[in-house]
Structures are given as structure tokens and as C-alpha cells.
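One letter stands for each residue in the lines below.
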Amino acid sequence: MDANDVVTITRRDFLTTTAGGVGALAFASLLQSNGLLASEAGHANPLELRAPHFAPKAKQCIFLFMEGGTSQVDLFDPKPKLNEMNGKKLPDSVTKNIRFAFLQKDTAVLLGSPHKFKRYGKSGIEMSEMFPTIGESMDDIAVVRSMHTEAFNHHPGELMMYTGVQKLGRPSVGSWVTYALGSASQNLPGYVVLTAGRAASGGNTMFSSGFLPSNYQGVVFRSQGDAVQDVSNPPGMTAEMRHYGLDALRDLNKMRQKVVADPEIASRIASYELAARMQLSAPELTDLSSEPKQTLEAYGVDRDNGGLKTQRGGGPETFRTFARNCLLARRMIERGVRFVNIHHASWDHHNDLDSDLLFNCRVTDQPVGALLKDLKQRGLLDTTVVVWSSEFGRTPLGENRPSFTSVSGRDHHPNAFSVWMAGGGIKGGQVIGQTDDFGFGIVKDPVHINDLHATILHLFGLDHTRLTYRFQGRDFRLTDVAGKVVPQLFA
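Calculation criteria
- Residues numbered from 1 in each chain as written.
- Predicted model: local features only at pLDDT ≥ 70, side-chain atom pairs only at ≥ 80, totals over all residues.
- Heavy atoms only, no water.
- Axes fitted to C-alpha atoms, helices over the stretch in contact; angles between N-to-C directions.
- Helix = DSSP H or I, 4+ residues; strand = E, 2+ residues; numbered from the N terminus.
- Parallel < 35°, antiparallel > 145°, perpendicular 65-115°, else oblique.
- Contact = heavy atoms within 4.5 Å.
- Nonpolar A, V, L, I, M, F, W, Y, C, P; charged D, E, K, R; others polar.
- Phe/Tyr/Trp six-rings, centres within 6.5 Å; stacked < 30°, edge-to-face > 60°.
- Buried < 20%, exposed > 50% of the residue type's maximum accessible area, 1.4 Å probe, protein only.
- Lys NZ or Arg CZ within 6 Å of the ring centre and 35° of its normal.
- Lys, Arg positive; Asp, Glu negative; His and termini not counted.
- Salt bridge = Lys/Arg side-chain N within 4 Å of Asp/Glu carboxyl O.
- Left-handed = near helix turned anticlockwise from the far one by under 90°.

1. A word on the packing of helix H6 (residues 154–163) against helix H13 (residues 449–459)
Stage number 1. Here H6 crosses H13 at 30 degrees, and the two axes come no closer than 8 Å. It follows from the interaxial angle that H6 and H13 lie roughly parallel. Contacts from Met 160, Met 161, Tyr 162 and Thr 163 of H6 reach H13 at Ile 449, Asn 450, Leu 452 and His 453.
Stage number 2. For the contact of H6 with H13, the per-class residue count stands at five nonpolar, three polar and no charged.

2. Overview of the packing of aromatic side chains
We describe a pair of aromatic rings using the distance from one ring centre to the other and the angle between the two ring planes.
Stage number 1. Counted under the stated rule, the structure contains 21 aromatic pairs.
Stage number 2. Arranged with centres 5.2 Å apart and planes meeting at 80 degrees, the rings of Phe 319 and Phe 359 form a pair that is edge-to-face. Taken as a pair, Phe 319 in helix H11 (residues 317–334) and Phe 359 in helix H12 (residues 353–377) lie far apart in primary sequence, 40 residues in all.
Stage number 3. By relative accessible area, which is 3% here, Phe 319 ends up buried.
Stage number 4. Residue classification places Phe 359 among the buried positions, given a relative accessible area of 0%.
Stage number 5. Each member of the aromatic cluster is reached from another via a ring pair, and the members are Trp 176, Tyr 179, Phe 211, Tyr 216, Tyr 469, Phe 471 and Phe 476.
Stage number 6. The side chain of Arg 401 reaches across the aromatic face of Phe 102, ending 3.9 Å from its centre.
Stage number 7. Of note, Arg 474 hangs over the ring of Phe 476, and the distance from its end group to the ring centre comes to 4.3 Å.

3. Re the side chain of Asp 365
Stage number 1. Looking at the secondary structure, you find Asp 365 in helix H12.
Stage number 2. Despite its burial, Asp 365 remains without a salt bridge, the nearest opposite charge being carried by Arg 303 at 7.5 Å.
Stage number 3. When sequence neighbours within four positions are dropped, the list of residues in contact with Asp 365 reads Met 130, Phe 131, Pro 132, Thr 133 and Ile 134.

4. Some remarks on the packing of H11 against H12
How two helices sit against one another is set out by the angle between their axes and by the gap between those axes.
Stage number 1. For the pair H11 and H12, the least separation of the axes is 9 Å and the interaxial angle reads 20 degrees. When the interaxial angle is binned, H11 and H12 end up roughly parallel. When you trace H11 past H12, the crossing you get is right-handed. In this structure, H11 contributes Thr 318, Phe 319, Phe 322, Ala 323, Cys 326 and Arg 330 to the contact, and H12 contributes Phe 359, Arg 362, Val 363, Thr 364, Pro 367, Val 368, Leu 371, Asp 374 and Leu 375.

Shown next, in the form of C-alpha cells:
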């Protein structure tokens, strides 16, 4: 063809060619968002999807944390012998080398449980009658009655359950999972935290990304007003004004990043970009008006406190807040959020155990039970692992602190406590581990917190010994230098 020849392109040719080009761009964008195409150098999305070590069972997690120490002998691990021996001492040989937080072991006696247990599901597993709605899903639940930890005070115990060690500055389990795998959600954080009841005693240290880039820290969503602080434009600032301001910050950050190559600057850039997208996605997420009336009623979003007085677990508003959090967790899972943490405080029942337990069980039973059923009927439970946990348990001995006028509660107990798991590859309708006749010590299949973390990572297709991050010359991991997977839990 001569250079001077004129090439005639019809409108149809132009539209066909253009459509093909747009399609190719869209396809490339999809590949990149799914971690199958490298991002532009220097502009990688820290939450882009990454491949696990092996085929996963779980893709997402809802981690229900009951701060304070749930009483296993009143809720998950029935002990008829404890009731029979109520008011009697344990042999000194049992408590000889045991350290307690508050009770005086020389004069402490066994405290039986007034709470009745019931067999649930075809599996017939016993659990407290105060969890009737959760109990309806018992055949999907695996109860671990042989958990143990070294921590016997709250903040170290919470750090242990969240981060694998009793030290500040380590990444939480949610941060490790999102660091390893990224998140399918384009417009929401990969790791979200929802709270109810009292403020978390350890603050945000439990949801921290530690030495991992800050993109992987838990983002706390609020129960009222804006889901995230400052996500809306302040009064007097238009969307255009904020757009120009954020663009200026992005350009300045990129200029500085070219000079110092600080990964935290790259994290900051990505966080600002995510925040801009969340201005549209967060209000839509938290608007429950599209949910059917029967769904709202099932979760108890508009319920009241049923006449119960304010307890350690919060005031009357806690009933609605916790229910809303459970429904929001399901909506986040639907939108691709990798890890959702629901944190409820407090279950720290040193006294007034009976009234406080009733309050907390009423707060949590209906919404958690509804969540399990909702996930299952939507086909989400198969790939979403749900974990119910606390930092430790409570003693079968009554707490006889000198300042107490009566013995009506239990002290901290790290030697034996219970957690449960469901979905995401978990074999339901079974009990793992066994404690002695009083729920004091473990007699079969002990499971350490590091083992629990190793198992959660395994469900996500991650080898806990290979998931490491080099910091200050050492390769760190969630399970520290311990941990073993619990294969009995797998379906």
C-alpha cells in the first residue's frame, strides 16, 4: 500500500475495533484484580488476590470474640460431678502449682453451675439452654473443649488469641490472612472490625497489623453515623474540593515515595484511594433498608433488651448493635471482605455470674444463630469459617476474693476452656478434646491457641510454617515457633 493511499474506515469497523479494545482493557482489569496480571510498577494494589499454598476450604472468616473469658462449665462443657461436689474443696495436689488472678486457693471451693444443658441436633451435643438458636445449627458446629493458653490476664490473653503471642506489636490473625491472600472486595477493607458492649480493654492493639504494612490492619466500623470516621465530606466541603485535595496528597506522596521508597507511603496512597471508593460503598453497605423484614426480625435488629438490666456486656442498645453487626458481617462477606471480626465485651464474670451470663447469652444467641442459618441458606457457609472464641475460660472454683461479700462468680482460667467453629471446611456435629470431671484440666486432645491459628490458616490453604514476614532480621509467623494443625476438625 502506498503511503499516500487513503484508508477508508466505516463506522461499523470503528465501533468493532473500539469495542474490542475496551473489552481487552476490561479483561486486563479483571485479571489484575484477581491477581493474575501484574500491576503497574509502583502502583500495586496491596489487597489484590494472591494464591494460597494449596487448595483452600475457606475463603473468608467471621471471628466472633467474646472478650473477658466465657465460662466453659456454664455454657459448653457440662460437668455433673461439679454440681455434685458444689461447696467442696479440690485436692491441694490439683491446685498446688496453679496460679490464679484473684481467688484465694487455700479457701476456694467448687462452684456448681445452675444453668441447664440441652442436647442439640442429630449429633446430640450438649450446650447451654441459653443458646437455643445457636444450638439449632449444632450439626454444623465443632466444639473444642480442650483449649488452653499461658495467659491468665485479659490483655495478654487477648493478644495471644488475636496475634499468637502475649506481646504488643505483632500482627493479628486477620492481618496475616489478608496479607497472605488479599481481598476480593474492591471498595471495602480486607479486614473489618465491628464492636459491641464495652470498649475493647486492649484497644486497637488486638486488630493491629503490627510490623506488616498498615493496609492489613483491622478497620473499625462504627455502629452509628458514618461507618468509618471522616468517610463523609465535612460541612462546607464539596466533593470537588475533596477530590482536588486528595489528588494533591496522592501526588505529594508519590513524589516522596520515589525519593525514599518507604513501603508505608505506598500503603498510605492505597489507603487514601480505598477511602475515596468507600465514600460510595460504605453507606450502601450499612443501609439495611433493602433487607427483607423477616431477615431483620431473624437477626433481631430492632429488638429491645427484654427488661434485662445493664450488665458488664453493655446497656440496652447492645442488643441492637450486636444484631446489626452480625447482619453487617454477612453483607461484608457477600461483598468480598476477607476477614470480619465481631468483638463483644465483657464476659469477665468475677461476680454476678448468673445475671451477667443471661444478659450476654441473650445479646448473642439470636443474631449468631441467625447468621449461621443465613450463611448456610445463601451457600456462603461452605467457604466462610465462623469462629467463636474468648481469651480463656473461668475456674470451676468460686471466686472468694477478700473484698467480696459472697461468692457469685469465677476467676480467670487458662488451663481449659472451650471454643467452637463452623463452616469453611469444618466437620460439624462433633466435640474435640475432653476435660476432667470439674472442667479444671484437660485429659484428652489438648489444643493450644497456636494450634487453633495453624488450623485456621490451613483452612485458607496456608501452611503456617511458610507464612512468614521478615522483620528486624528475623522471619516471624502467626504461630511463632509452635502450632500444629488439628486434622480432626476438617470435614
